[in-house]
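What the coordinates show
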Amino acid sequence: MDKIEISTPGKLMLFGEHAVVYGGPCIVTAVDQRIKVIIEKLNSQTVVLNAPEVNIENLALNFGSNNLDQIPKGGKFVAAALNNFNVQFPLDNGLRISTISDFSSKFGFGSSSAVTVGVIKGLNELMGTKMNNQQIFDMAYKSVLDVQGVGSGFDLAAAIWGGTLYFITGGKQIDPLRVTKLPLVIGYTGIKADTATWVRFVANRKNQFALPINSVFSVIENVVVLAKKALEDGNWNSLGILMDINQGLLESLGVGTVELSNLIYASRLSGAWGAKLSGAGGGDCMIALSDNKQNVEQAIQAKGGTIIHAKTNAEGARIE
Ligand code: PMV
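Summary of the structure given here. (Residues numbered from 1 in each chain as written. Predicted model: local features only at pLDDT ≥ 70, side-chain atom pairs only at ≥ 80, totals over all residues. Heavy atoms only, no water.)

**Concerning the nonpolar core**
What counts here: Within this scheme, the nonpolar core is defined by two criteria: the residues are buried Ala, Val, Leu, Ile, Met, Phe, Trp, Tyr or Cys, and they are joined through side-chain atoms within 4.5 Å. Burial here depends on accessible area, computed with a 1.4 Å probe over protein chains only, as a share of the maximum for the residue type. Under 20% is buried, over 50% is exposed, and the range in between is partly exposed. Only DSSP runs of H or I with at least four residues qualify as helices, and only runs of E with at least two residues qualify as strands; both kinds are numbered from the N terminus onward. The start and end points of each domain follow an automatic or database-based domain assignment. Any two residues whose heavy atoms approach within 4.5 Å are treated as being in contact.
Residues Phe15 and Ile97 are the most contacted members of the largest nonpolar core, which totals 106 residues. Here this core gets 9 residues from one element, more than from any other, and that element is helix 6 (residues 210-233). Both domains that meet at this core, namely domain 1 (3-178 + 314-319) and domain 2 (184-308), each give it at least three residues. Once residues lying within four places of it in the same chain are set aside, the contact partners of Phe15 are Cys26, Ile27, Val223, Val224, Ala227, Leu239, Leu242, Met243, Asn246 and Lys276.

Here it is, written out as structure tokens:
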């Protein structure tokens, strides 16, 4: 085999953000906006990367031992994935790696993680190295930590397994949930937030105010456990209330913004069962639970938000 094409889904965090970084559980769903990674063998000694959505054109990388500090931002995750693959399975072929995305990297749908998984799964298929999903996760998680130093890895699990997952930090537990339907509206604030910056922000708050912040984390854990049951039972009334509680707890961590709140309150006032931010906070997307999607979508748009149409519970990484 000389060429492989893999596609991986983006993700949306439903419950448990930030607390999951400190050992708690979270719930994440894969979305049907996907990234394609195409890997071809070349008769050369370098790897060439093309990733137009992050302005990378014909970037030359080594098989392994790329110095991440010297690589432009858009190429770092691919370089880290190559480094880690090469440590376990030395590469001796030139490669052309190309990525094509259904969605903008600014939505916070986890494009970096989706690409990291795509490269490792693609190399696994192309080189016949037979890693299973957990081994792919471990290699991808190490790669993400090599680049950004922080993170729970929940987005990698969504990219690999797909569906809707109950996930504990570092992949200690990854349980698929039985979710048939999830009436969700997704609103984008128009503001791109940097996850690592907001994870560090919460880490600083925790250093300064350990007792209250740790207490907030433990309440978030309770909320996630209750949300798992409400989600599997399709109990939207309870799930909506739990979204509102989770949002209040995220506000107390300091990661809310006026733009997120405007969209969240507009959703609630137009009849949503509940609404919260999704992800690290500071911008990106909010989610609202409603079976009257049109009303909620209009309310979000009236407050300056953009509706993103994406199906949840999407399929995980697959060979195209
Ligand atoms: O900003 P996002 O969508 O990548 O979500 C970040 C979620 C955090 O819990 C804050 C970080 C993490 O890695 O779990």
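**Focus: the sheet that holds strand 11 (residues 306-307)**
For clarity, the cut-off: Each pair of strands is called paired provided DSSP finds at least two bridges between the two strands.
One open sheet accounts for 4 strands, arranged 9-10-8-11; its pairing is antiparallel. The two strands at the open ends of the sheet, each matched to only one other strand, are strand 9 (274-278) and strand 11. Across 5 bridges, strand 9 lies against strand 10 (residues 285-289) in antiparallel orientation. In the sheet register, Leu277 faces strand 10, and the bridge partner there is Met286.

**Some words on the site of the ligand**
Convention followed: Think of it this way: one heavy atom of a residue within 4 Å of a molecule or strand is enough to make that residue near it. Residues adjacent in sequence count toward polar contacts only when both atoms are side-chain atoms; beyond that, a polar contact is any pair of N or O atoms within 3.5 Å, and within protein one must be able to donate a hydrogen and the other to accept it. Per-residue accessibility takes into account occlusion by the displayed protein chains alone, with areas from the Shrake-Rupley method and a 1.4 Å probe.
With respect to spatial proximity, 14 residues lie near the ligand, and among them Lys11, His18, Ser152, Thr195 and Ala280 are the closest. Between the ligand and Lys11, the relevant distance is 2.8 Å, taken from an oxygen atom to a side-chain nitrogen or oxygen of the residue. Between the ligand and the protein, one listed contact pairs an oxygen atom with a side-chain N or O atom of Thr195 at 2.8 Å. Expressed as a share of its isolated accessible area of 380 Å², the protein-covered part of the ligand is 94%. Secondary-structure elements contributing two or more residues to the shell around the ligand are strand 1 (3-15) and helix 5 (195-208).

**Notes on the packing of aromatic side chains**
This is how it is decided: Whether two aromatic rings pair depends on their centres lying within 6.5 Å, for rings of Phe, Tyr and Trp, where Trp uses its six-membered ring; planes under 30 degrees apart make the pair stacked, over 60 edge-to-face, and the rest tilted. Comment: the charge-over-ring label is applied if NZ (Lys) or CZ (Arg) is within 6 Å of the ring centre and within 35 degrees of the ring normal.
Taken as a whole, this structure holds 6 aromatic pairs when the rule is applied. Plain terms: the ring middles of Tyr22 and Phe217 are 4.9 Å apart, the flat faces sit at 20 degrees to each other, and that makes the pair stacked. Pair noted here: Tyr22 is in the loop between strand 1 and strand 2 (25-42) and Phe217 is in helix 6, with a separation of 195 residues, a long-range link. An angle of 50 degrees between the planes, with centres 5.2 Å apart, marks the rings of Phe85 and Phe89 as tilted. A residue is classified by how much of its surface remains accessible, and Phe85, at 0% relative accessible area, is buried. Joined through ring pairs, the aromatic side chains of Phe137, Tyr141, Trp161 and Phe167 make up one cluster. Here the basic side chain of Arg268 rests over the ring of Tyr265, its NZ or CZ set 5.1 Å away from the ring centre. Directly above the ring of Phe15 sits Lys276, whose terminal nitrogen or CZ lies 5.8 Å from the centroid.

**Focus: the side chain of Ser98**
If you trace the backbone, Ser98 turns up in strand 5 (residues 94-101). Residue class for Ser98 comes out buried when judged on its relative accessible area of 16%. With residues up to four places along the chain from it excluded, the contact list for Ser98 reads Lys36, Val37, Ile38 and Asn50.

**Here's the deal with the packing of helix 5 against helix 6**
Put simply, the rule reads: Fitted lines through C-alpha atoms serve as axes, helices being fitted only where they are in contact, and the angles separating the N-to-C directions of these axes extend from 0 to 180 degrees. Oblique is the label for any angle not covered by the other classes, which are roughly parallel (under 35 degrees), roughly antiparallel (over 145) and roughly perpendicular (65 to 115). Polar here means any residue outside two lists: the nonpolar Ala, Val, Leu, Ile, Met, Phe, Trp, Tyr, Cys and Pro, and the charged Asp, Glu, Lys and Arg; Gly therefore counts as polar.
Contact geometry of helix 5 with helix 6 gives a least axis separation of 5 Å together with a crossing angle of 125 degrees. Between helix 5 and helix 6, the interaxial angle falls into the category oblique. Side by side, helix 5 and helix 6 meet where Val202, Arg205, Lys206 and Gln208 of the first sit next to Ala210, Ile213, Asn214 and Phe217 of the second. Each residue belonging to the contact of helix 5 with helix 6 can be placed in one class, and the counts come to 4 nonpolar, 2 polar and 2 charged.

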